[in-house]
Amino acid sequence: MQRSLSSSPTSALTSPLLPSAFAIVCTPRPSLSPARFCVTMAAFIAPCVGLTVGRTQSRHGSPRSVRPFQVHLLPAAPVRAARVGLRMATNLAKEKGTSARPYKIAVLTGDGAGPAVTDVAISVLESVGSFADIHFDFERFSYASDDDASTVAPETIAACKAADAVLRGPQGKTRADSAHDSLRAGLGLFAQLRPVTVTEQLVGQSPLRPDIVTGTDLLVVREVSGGALPYSPPSEEGESDDSASSIMSYDTAAVERIGQVALSAAALRSGRVTNVDKADAMKVSAFWRRKLHAYFAKAAKNRPEISLDDLFVDDFCREVVLRPRAFDVVVTSNLFGDLLCETVAALSGPQRLSPSAWFGEDVAVFGPADVYNLSAYPESTMGKTIRNSSLVANPVSTIRAAAMMLRYALAEPAAANLIQQALARTMDAVSTNDAPAYAGMQEMLAGNAPLVDAAGFGDAMLSSLDVMFALEVVCAPEECGE
């Protein structure tokens, strides 16, 4: 029987990553690094000095996780707190994740900052796995083909389809250099999940007042295979020297398919779905809205906890700035989603820390929301060069993507929650070189913020996990889930 992480609600650790008193008195043994020895000592000392850790939960004797369900099958009742996982792939056996049958994870490291940030995410997953007895088999593959940086090699596509999930780093500095579109087409990815959670550590970075943005936790479900931005490159038809036109089209199957994803996600959250379209002025949007409501009426019959409301895209843009907490699951088409994802990402500030997931019929890909190389963002939105911008390698979005992978593809919600809590603790303590993610913007630009590189941030994450492992503390899923 495997050990398990409990997903029962507990309080989060309320102490900083390493209390300064502990850091001063710790003297490491030669066999331990200073950081590891200090956090281990802190774990033993904490109960003696009254460190508040809340109610701890044993990891023995409970199921390791709730197994995944298919996206087209809804549970009898909504699971609002556990968020047990939106399972898109169909080849995950119940016994996967054991030492005999580890989860097969295809890793596309990418280029530039890609190898650095994916290495950090892998180390975090391995650390959590060693505690929870969850086993992974990571295999790295070339992202782009050798002869063309904008295409994915056929063998890479085959490896991704055979894996239980795909973890990808950034690749390509521009859309022309990026192989993401080739990956999307090769794997048949049709849905993107883009969480926007303004955590306590990010409230101060938001351009909105804290009373407006605090508690924001929404999920954009975007159709990414068709509409005005299809897989295939635009045709030269409909273009002349004097005019040009683009076609935006959807059929019933495409709308129902994205509706399945939105409905499954809603069942794991509050049950509230907001459809965003332009049905007042565009026939394709009116069709989208009609088919989406017809699908929900059929699939969510006798499910009063599931609701579907509508907003025109211009109204949504206003309302999400004025009242971001009013939204939970937002479903929209490809073009509108492309615009809205960037808008809502700014709710947590200018830094590029958002994760994302892309789903096909039997494969799921997880990585930073920014699909291009992170070195494309060496400057702040204020137009000033960030210190050490040549060392751009912020692993936060990739770590968050790894947690999404555990939650949505592998149905390991307790392990995902543990990463979320450790990330919050780490973000309280350090900053990375590329963006004013955790320190104030002005302080960052002035050179006063504490800084670490990607590896240093990864070490801090592992130290946070060490403390939590020693105390057997897990947080409530509704408090720290993506």
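For the structure itself, consult the block above.
The shown structure was predicted, so the numbers you read here are calculated from the model rather than taken from an experiment.

Analysis parameters
Position numbers for residues start from 1 in each chain and track the written sequence from start to end. Local features are withheld for residues below a pLDDT of 70 in this predicted model, meaning they are given only at 70 or higher, and side-chain atom pairs are given and counted only at 80 or more; totals for whole chains, interfaces and linings count all residues. Excluding hydrogens and water, the side-chain values take into account all heavy atoms of the structure. Burial here depends on accessible area, computed with a 1.4 Å probe over protein chains only, as a share of the maximum for the residue type. Under 20% is buried, over 50% is exposed, and the range in between is partly exposed. To qualify as a helix, a DSSP run of H or I must reach at least 4 residues; to qualify as a strand, a run of E must reach at least 2; elements of each kind are numbered from the N terminus. Two strands qualify as a pair provided that DSSP identifies no fewer than 2 bridges between them. Throughout, nonpolar core names a set of buried Ala, Val, Leu, Ile, Met, Phe, Trp, Tyr and Cys residues whose side chains join them through atoms within 4.5 Å. In this description, contact between two residues means that some pair of their heavy atoms is separated by no more than 4.5 Å. Structural elements are reduced to axes, namely lines fitted to C-alpha atoms, with helices fitted over the stretch in contact, and the angle between N-to-C directions of any two is expressed from 0 to 180 degrees. Roughly parallel means an angle under 35 degrees; roughly antiparallel means over 145; roughly perpendicular covers 65 to 115; every other angle is labelled oblique. The sense of a crossing depends on the near helix, which, turned anticlockwise from the far helix by less than a right angle, makes the crossing left-handed and, turned clockwise, makes it right-handed. Two N or O atoms count as a polar contact when they lie within 3.5 Å, although within protein this holds only if one can serve as hydrogen donor and the other as acceptor, and sequence-adjacent residues are included solely when both atoms are side-chain atoms.

Chemist: Got a minute to help me understand the pairing of strand S6 (residues 191–197) in this structure?
Modeler: Looking down a regular strand, the side chains alternate between one sheet face and the other. Of all the seven residues making up S6, seven are buried; the element is thus mostly covered by neighbouring parts of the structure. Burial along S6 is two-sided: the face carrying Ala191, Leu193, Pro195 and Thr197 and the face carrying Gln192, Arg194 and Val196 are both buried. Relative to strand S7 (residues 217–223), S6 is paired through seven bridges, and the arrangement is antiparallel. Looking at S7, one finds that arginine 194 is bridged to valine 220.

Chemist: How do you make sense of the nonpolar core when you look at a structure like this?
Modeler: Grouped burial of nonpolar side chains is what soluble globular proteins tend to show. Counting 74 residues, the largest nonpolar core has Ile105 and Phe366 as its most contacted members. Here the element with the most residues in this core is helix H11 (residues 396–409); it accounts for ten residues. Apart from residues no more than four positions distant in its own chain, isoleucine 105 is found in contact with Phe136, Asp137, Phe138, Glu139, Ala165, Leu167, Met405 and Leu410. Counting residues in hydrophobic clusters, the runner-up holds 19 residues, among them Val198, Val203, Phe327 and Phe336.

Chemist: Just checking my understanding: could you explain the packing of helix H3 (residues 114–132) against helix H12 (residues 413–427) for this structure?
Modeler: Following both chains from N to C, one finds H3 and H12 inclined at 125 degrees, their axes separated by 10 Å at the closest point. As summarised for this structure, H3 and H12 are arranged oblique, according to the angle between their axes. For the pair H3 and H12, the sense of crossing is right-handed. Of the residues in H12, those touching H3 at Val124, Leu125, Val128 and Phe131 are Ala415, Leu418 and Ile419.

Chemist: Would you take a moment to explain the side chain of glutamine 171 for this structure?
Modeler: Along the chain, glutamine 171 falls in the loop between strand S5 (165–168) and helix H5 (180–187). Overall, glutamine 171 belongs to the buried group, its relative accessible area being 3%. A distance of 3.0 Å separates a polar atom in the side chain of glutamine 171 from the backbone oxygen of alanine 149. In terms of polar contacts, glutamine 171 uses its side chain to reach the backbone amide nitrogen of alanine 179, at 2.7 Å.

Chemist: How should I be thinking about the sheet that holds strand S10 (residues 329–332) in this particular structure?
Modeler: Backbone-to-backbone hydrogen bonds join strands into a sheet, with any given pair of strands oriented parallel or antiparallel. On the basis of which strands lie adjacent, the open sheet formed by ten strands has the order S4-S3-S5-S12-S11-S6-S7-S10-S8-S9 and mixed pairing. Bordering the open sheet on either side are strand S4 (136–141) and strand S9 (307–312), each of which pairs with just one other strand. On average, each strand axis in the sheet is tilted by 25 degrees relative to the strand beside it, whichever way the strands run. For strand S3 (residues 103–108) and S4, the ladder comprises six bridges, and the chain directions are parallel. Pairing of isoleucine 105 across the sheet is with phenylalanine 138, part of S4.

Geometry only, nothing functional implied.
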